[in-house]
Amino acid sequence: MSAGVLHGRALARRFEANPATREPIWMKRLILTIALAFFVLFLFLPLVAVFSEALRKGWLVYLAALVEPDALASIRLTVLVAVIAVPLNLVFGVIAAWAIAKFDFRGKRLLTTLIDLPFSVSPVVVGLIFLLLFGAQGWFGTWLFEHDIKIVFAVPGIVLATVFVTFPFVARELIPLMEAQGRDEEEAATVLGASGFQTFRRVTLPSIQWGLLYGVILCNARAMGEFGAVSVVSGHIRGATNTMPLHVEILYNEYNFAAAFAVASLLAMLALVTLALKTFIEWRAGRVVTVDD
Amino acid sequence: MSIQVENISKSFGAFAALQGVSLDFPTGELVALLGPSGCGKTTLLRVIAGLETADAGRVILDGEDASDTHVRERQVGFVFQHYALFRHLTVFENVAFGLRVRPRRNRPSADEISRRVHRLLDLVQLDPLADRFPPQLSGGQRQRIALVRALAVEPRVLLLDEPFGALDAQVRKELRRWLRRLHDELHVTSIFVTHDQEEALEVADRVVLMNRGRVEQVGTPAQIYEHPATPFVYGFLGAVNCFRGRVEGTHVRVGEARLPHDGQVDGQVDGQVDIEGAAVVGFARPHDLAVVTDLAAANGVDAIVSRVHAFGASVRVELDSLEGAADRGEPAHYEVVMPRERAVSLIDGQRVRLVPAHLRVFADQAA
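In this text, all values refer to a predicted model and were calculated from it rather than measured experimentally.

## Quick look at the pattern of salt bridges
Counting across every chain of the model gives 35 salt bridges over all chains. The salt bridge involving A:R183 is made with A:E186; its shortest N-O contact spans 3.8 Å. B:R46 is the salt-bridge partner of B:E52, the closest N and O atoms lying 3.0 Å from each other. Through salt bridges with shared partners, a single network forms among B:R172, B:K173, B:R176, B:D196, B:E198, B:E199 and B:E202.

## Re the sheet that holds strand β20 (residues 351-356) of chain B
Residue and element names in this part refer to chain B. As summarised here, the arrangement of the five strands in space is β16-β20-β17-β18-β19, forming an open sheet in which the pairing is antiparallel. Bordering the open sheet on either side are β16 (289-292) and β19 (333-339), each of which pairs with just one other strand. Pairs of neighbouring strands in the sheet enclose a mean axial angle of 45 degrees, with direction left out of account. Sheet topology note: the strand β18 (residues 314-321)/β19 ladder contains seven bridges and is antiparallel. Along β19, the bridge assignment pairs E318 with E335.

## A short note on the interface of chain B and chain A
Facing 23 residues of chain B, the contacting portion of chain A comprises 19 residues. Regarding the contact of chain B and chain A, the summed buried area is about 2000 Å², with carbon and sulfur atoms giving 62% of it. For chain B, the biggest contributors to the area lost against chain A are B:R72, B:R87 and B:V101; these three give 29% of the whole. For the pair chain B and chain A, the interface holds two salt bridges. Linking chain B with chain A are five residue pairs in polar contact (both at pLDDT 80 or more). Those elements that provide at least two residues to the side of chain B that touches chain A are β6 (76-79), α2 (91-100) and α4 (139-152) of chain B. In terms of residue count, the dominant contributor to the side of chain B that touches chain A is α2(B) (three residues). Of the residues in the side of chain B that touches chain A, the class split is 13 nonpolar, five polar and five charged.

## Observations regarding the domain arrangement of chain A
Each domain of chain A was delimited in the assignment, giving domain 1 (1-54) and domain 2 (57-292). Of note, the centres of domain 1 of chain A and domain 2 of chain A, computed from C-alpha atoms alone, are 31 Å apart.

Rules and cut-offs
Here the residue index of a chain counts from 1 through its sequence in written order. Here chains are named by letter from A upward and ligands by number from 1 upward, in the order in which they appear as written. Residue-level local features of this predicted model are given only where pLDDT is at least 70; pairs of side-chain atoms are given and counted only at 80 or more, and the full residue set underlies all totals for whole chains, interfaces and linings. Side-chain metrics rest on all non-hydrogen atoms present in the structure, leaving aside hydrogens and water. Throughout this description, the term salt bridge denotes a Lys or Arg side-chain nitrogen within 4 Å of a carboxyl oxygen of Asp or Glu. Two strands pair if DSSP finds at least two bridges between them. For helices the rule is a DSSP run of H or I covering at least 4 residues; for strands it is a run of E covering at least 2, with both sets numbered from the N terminus onward. All axes are obtained by fitting lines to C-alpha atoms, using only the stretch in contact for helices, and the reported angles, taken between N-to-C directions, cover 0 to 180 degrees. Contact criterion: two residues are considered in contact whenever any of their non-hydrogen atoms come within 4.5 Å of each other. Accessible area, probed at 1.4 Å, shrinks when two parts are joined; the buried area is that loss added up over both. We define a polar contact as two N or O atoms separated by no more than 3.5 Å, with the added condition that, inside protein, one atom must be a possible hydrogen donor and the other a possible acceptor, whereas residues neighbouring each other in sequence contribute only through side-chain atom pairs. Residues are sorted three ways: Asp, Glu, Lys and Arg are charged, Ala, Val, Leu, Ile, Met, Phe, Trp, Tyr, Cys and Pro are nonpolar, and all the rest, Gly among them, are polar. Residue ranges labeled as domains rest on an automatic or database domain assignment.

As structure tokens, then:
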């Protein structure tokens, strides 16, 4: 990956040094200006705005908004949902990727397509599906009511919706990686006497670890930030079924801008941390690949 | 340990990779499975290892039916074409892998593992590289590590899938000799797959020649080369000139020409073919054809010298047939190898007559 980037960079430099392939200077400046202006306007300014709005009334108000009971409850719920959804998708994702990349079976194409389904369906529709299934008027609604099990407008529904929406991240990261690596190393391990579990732990896992971590981090970012699907199934019960993104919306609708932006700033920080981790992992994985070449 | 396979068949969808293959690999021999790509040789090797399950037939290891034995318990060493070294482990850990994954009760101690790995690395003169990672090694070094990794678990048989296929010509030759020497020291029953006839003939004790999922011939390299059993074997082992025609007593009539043959016809269908007048195909190696400049000679086909490759001790001459000869069933091109001094008089465009010193004749299945 980074070997390719390095190669690309070297190539670009050679391209630039050669008068026969060099673009006119005004063209270069124009393209750079457009790109930078776009970046500042659409990415950088909003980020600055979030933090400046959050701190507009000072640190005390900012902190007060975060330690307020409803905000704390929303943070706790968000973390709880991520703690359940991410490991589940880690396991599902690894199994699905393993099955698709290493085995041939009927319906493999269909499964590959289905894995992408959560990406291609609007999150609101996902929420509605769960309402349709588990809501009071839904397919299983009566049965659930009789057994006193609450899924929608409660934590289980939020977890379900989040798991569904974030399912593809790990699997999609791993499938191309595992397909590219083939089965040779695992076959070698088996012939050498390793059991299935030993092969997975000693051979498969180390070779996909960076891709796996990458998928987990993206999965986590989405699990914590998901709005649409969660919004439909949550019921917006303050202090009980509000995740951070939902809490931000409520605060904003109540014209409590400082508090809304304070909670939003936490989500923004999550995004920044995610980006930093992602860059770090790409760098590490890239190093492995470079050695490989 | 001896290996037998009985009536092995294996299909991938509509493609029959192996069709009723039965073979016997005696203890301690180095056997080559030779054939063109898609002939089933790698599939057979993987069936023996247990990496592939046969649709029918049995694999017998050391006299015991191993068809249902798991790969782990077959105690085979397998060397993959692309090495399949564990990229994230050092050379040392790669070789130690098979010992480390053993159940605790028969796992050697850490000291013992270290001793054995270093001894093996010494064997292939790569001990100084013990702490490197596979991507930092050359192709030849990787292949040698793959080999000692397979040997580390003290396998009863060693199976090598195109072991030198991914290496350049120079390293290939070197590793070939090295593998032969190693086998002479260890005497582990070994089977290696190759599509390179030179490699098979040079390295192996015995060669199994395969084509389209069947065994064509089994024999020592000399037997295979000197006495090919089928037209396929003849064509696969090096360059050949082939003549289609009909038997006329001690000769074969090819178009207008008469060629003396070796006196026997192989591959008759159920002995039904009456030799006289039978449709046959005759084979002559490039060094078995004599170029005669006297056009009044009694036997032989006429041809025109198209190119003389005069380098090295022997000269290779390419010839074209006369106009219209191909329509009479004669080949369109010939290739002849002869000592340098006999070729000095030949010039491009010269008309000559070709007389086979040996012409092996098979019943023509296509006719």
